[in-house]
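Topology and contacts: notes
Each chain, letter by letter, is given below.
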Amino acid sequence: MNDQAQRLRDLLNQKKNVKEARTIAVLSGKGGVGKSNFALNFGIGLAKHQKKVILFDLDFGMGNIDVLMGLAPKKTIVNMFNESLSLSEIIETGPYSLSYVAAGSGLSDLFEMNDLHFEYFVNQLREVAYQYDYIIFDLGAGLQRQHVHFALAAHECVVVTTTEPTSITDAYSVLKHLYSERENISLQLLVNRAVSEKEGKQTLQRLTKVVKQFLSKDINSLGFVYDDRSVIDAVKEQTPFLLKNEKSLASRSLTAIIDSYLEPTSTEMNRPSHSFVTKLKMLFSRKVE
Ligand SMILES: Nc1ncnc2c1ncn2[C@@H]1O[C@H](COP(=O)(O)OP(=O)(O)O)[C@@H](O)[C@H]1O
Ligand SMILES: [Mg+2]
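Worth saying up front: this structure is predicted, and the values here are computed from it rather than measured. (Residues numbered from 1 in each chain as written. Chains lettered and ligands numbered in written order. Predicted model: local features only at pLDDT ≥ 70, side-chain atom pairs only at ≥ 80, totals over all residues. Heavy atoms only, no water.)

1. Topic: helix 10 (residues 197-215)
Its 19 residues place the ends of helix 10 26 Å apart at the C-alpha level, agreeing with the 27 Å of an ideal helix rising 1.5 Å per residue. Taken as a whole, helix 10 has its buried residues at G200, T203, L204, L207, V211 and L215. The buried side chains of helix 10 occupy one side of the element, clustering within an arc of 95° when seen end-on. For helix 10, exposure combined with an orientation more than 90 degrees from the buried face picks out K198, Q205, R206, K209 and Q213. Of the surrounding elements, those touching the buried residues of helix 10 are strand 6 (156-161), helix 9 (165-181), strand 7 (187-194) and strand 8 (220-226). (Helix = DSSP H or I, 4+ residues; strand = E, 2+ residues; numbered from the N terminus. Expected span 1.5 Å × (residues − 1). Buried < 20%, exposed > 50% of the residue type's maximum accessible area, 1.4 Å probe, protein only. Arc of directions from axis to C-beta. Contact = heavy atoms within 4.5 Å.)

The structure is reproduced here in C-alpha cells:
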C-alpha cells in the first residue's frame, strides 16, 4: 500500500513540474479565408523550431488538414468516438514530426448529437496536454457551440480574416461575440491574403481601431500573410506551402509571424490562471466565470 501511495505521489509531483501545452484556437467569421492553411503551416513552422505540436482538425464535417498534406490518416476523431479509442490511438504524424488528428466525416453530427462525446474528448485531451508544447485547433468558420467552448478555453484565439470587407465584418462579429462571452479573452488578429504590406498593415490597423472604439478592447495583431499564388499551387499539390517553397512571399510572411510569436515576451503574459482542460470542462458544464 505504502509503495503504491508513494508511486502515486511521485506521479503527481511529476505532473506538477511538467508544463501544460499552450493551446491556440484558429477560427474565423467567414469560411474559406485560409484558416486551415494557416493552422497547418503555423504548426509546421513551430515544429521546425523543435517544438512538440499537435494539430486537431475540428472543422466539423469539412475537415481537410490531411488533404492539405496529401496524407491518408488511418484513424480519425470519428473513429475515436465510434470505436471508443483513446486519443493516442488516432494521433498521426506529419512533416517535422507534427502530430495531427484528422476530422473524418460526419463529425458535426457526432458532436451535436451527444455531449458525452465532448466530455470523452476533453478527458482524452487531459492526457496529451502535457506531452506537447502547443495544441492547435482548426475550428472552422462561424461560432457553433463547441467552437465557442474551445475558443473560450484556449490560451489564445487567432481570428483569421482576409482583406475583403465581407470577411472583415464577419471577423468583427466573431471578436465582438468572444469578448462578450469572456472579457479577458486573448485574441490575436491574422490578416491573410494581403496583396501588399500596406494592405496587410492597414487592415490590421483598421480592425484594431474599430475594436478599440466600439468594444474598448486592445486586440493583438499577430500579423499578415501575403496573397500568394504559390499557396494555391501548394494546395493543389497537397504539400504545405511552407515546405513547398520556404522563400515564397507567403512562407516568408508566415515565418516572420512565427519568429515573433516565439519571442518570450510576446504572448506568455496572457496565460490564464486555469488550465485549458479545466476551463473547457467548466465551460461545458456552464460554470462560466
Ligand atoms: N495566403 C494565400 N494566398 C493565396 N491563396 C490562399 C492563401 N491562403 C488561402 N488561400 C486560398 O484559399 C483557399 C482556402 O483556404 P483554407 O485554408 O482551406 O481556408 P479555410 O480553412 O478558412 O476554409 C485555399 O485552398 C487557397 O486556394
Ligand atoms: Mg478549413
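2. Looking at the packing of aromatic side chains
Any two aromatic rings considered together are summarised by their centre-to-centre distance and by the angle between their planes. Enumeration over the complete set of coordinates arrives at 10 aromatic pairs. Where F42 meets Y261, the ring centres are 5.2 Å apart and the plane angle is 75°; that geometry is what we call edge-to-face. With F42 in helix 2 (residues 35-48) and Y261 in helix 13 (residues 249-261), this residue pair connects regions lying 219 residues apart in the sequence. Taking relative accessible area as the criterion, F42 reaches 1% and is therefore assigned buried. (Phe/Tyr/Trp six-rings, centres within 6.5 Å; stacked < 30°, edge-to-face > 60°.)

3. Side note on the pairing of strand 8
Taken across its seven residues, strand 8 has five buried, putting it largely inside the fold. Sheet topology places strand 7 next to strand 8; six bridges connect them, and they run parallel. Each bridged residue has a counterpart across the sheet, and for L189 the counterpart in strand 8 is S221. In this fold, the crossover linking strand 7 to strand 8 by way of helix 10 has right-handed handedness. (Pairing = 2+ DSSP bridges. Right-handed = clockwise from strand over helix to strand, strands pointing away.)

4. Observations regarding the pattern of salt bridges
For the coordinates displayed, the defined rule picks out nine salt bridges. A salt bridge links K48 to E246; the nearest nitrogen and oxygen atoms lie 3.0 Å apart. Note that K48 is positioned in helix 2 and E246 in the loop between helix 12 (241-244) and helix 13, a separation of 198 residues in sequence. On the accessibility criterion, E246 (46% relative accessible area) is partly exposed. With its nearest N and O atoms 3.0 Å apart, the salt bridge here joins E83 to K75. Judged by relative accessible area, E83 falls into the partly exposed class, the value being 37%. (Salt bridge = Lys/Arg side-chain N within 4 Å of Asp/Glu carboxyl O.)

5. Here we look at the nonpolar core
Counting 53 residues, the largest nonpolar core has F56, F121, L125 and F150 as its most contacted members. Dropping the residues within four chain positions of it, F56 is found in contact with I77, L87, V101, F121, L125, I135, I136, F137 and D138. Counting 34 residues, the second-largest nonpolar core is a separate cluster that includes A47, M69, L222 and L242. (Core = buried A, V, L, I, M, F, W, Y, C linked by side-chain atoms within 4.5 Å.)

6. Focus: the side chain of D138
Structurally, the position occupied by D138 is in strand 5 (residues 134-141). No salt bridge is formed by the buried D138, whose closest oppositely charged neighbour, K35, lies at an N-O distance of 5.8 Å. Side-chain polar atoms of D138 contact the side chain of S36, separated by 2.6 Å. Setting aside anything within four residues of it in sequence, one finds D138 in contact with V26, K35, S36, A39, F56, D57, L58, D59 and I65. (Lys, Arg positive; Asp, Glu negative; His and termini not counted. Polar contact = N/O pair within 3.5 Å; in protein donor to acceptor, adjacent residues only side chain to side chain.)

7. Things to note about the environment of G34
With respect to the element layout, G34 can be found in the loop between strand 1 (22-28) and helix 2. Sequence separation between G34 and V225 is 191 residues; the distance between their C-alpha atoms is 9.8 Å.

8. Observations regarding the site of ligand 1
The local shell around ligand 1 holds 15 residues, among which K35, S36, N37, Y226 and D228 are the closest. One of the backbone nitrogen or oxygen atoms of S36 is found 2.9 Å away from an oxygen atom of ligand 1. About the coverage of ligand 1: the protein hides 84% of its 560 Å² of free accessible area. Among the detected pockets, ligand 1 sits in the largest pocket. (Near = heavy atom within 4 Å. Areas by Shrake-Rupley, 256 points an atom, 1.4 Å probe, with all protein chains shown as cover. 1 Å grid on protein atoms, 1.4 Å probe; cavity = no way out; pocket = protein on both sides within 12 Å on 5 of 7 lines; lining within 4 Å. Sits in = over half its atoms within 2 Å of the grid points.)

9. Brief notes about the sheet that holds strand 5
Across the sheet, which stays open at both edges, the eight strands sit in the order 3-4-2-5-1-6-7-8 with mixed pairing between neighbours. Either end of the sheet is taken by a strand with one partner, and the two such strands are strand 3 (92-93) and strand 8. In this fold helix 9 packs onto strand 1, strand 6 and strand 7, with an angle of close to 160° to the strand it touches most, strand 6. (Axes fitted to C-alpha atoms, helices over the stretch in contact; angles between N-to-C directions.)

10. Considering the pairing of strand 5
Buried residues dominate strand 5, accounting for seven of its eight residues. Here strand 1 runs beside strand 5; their pairing, made up of six bridges, is parallel. Directly across from T23, in strand 5, lies its bridge partner I135. Relative to strand 5, strand 2 (residues 53-57) is paired through five bridges, and the arrangement is parallel. When the bridges of strand 5 are listed, F56 appears paired with F137.

Purely spatial values, then, with no claim about function.
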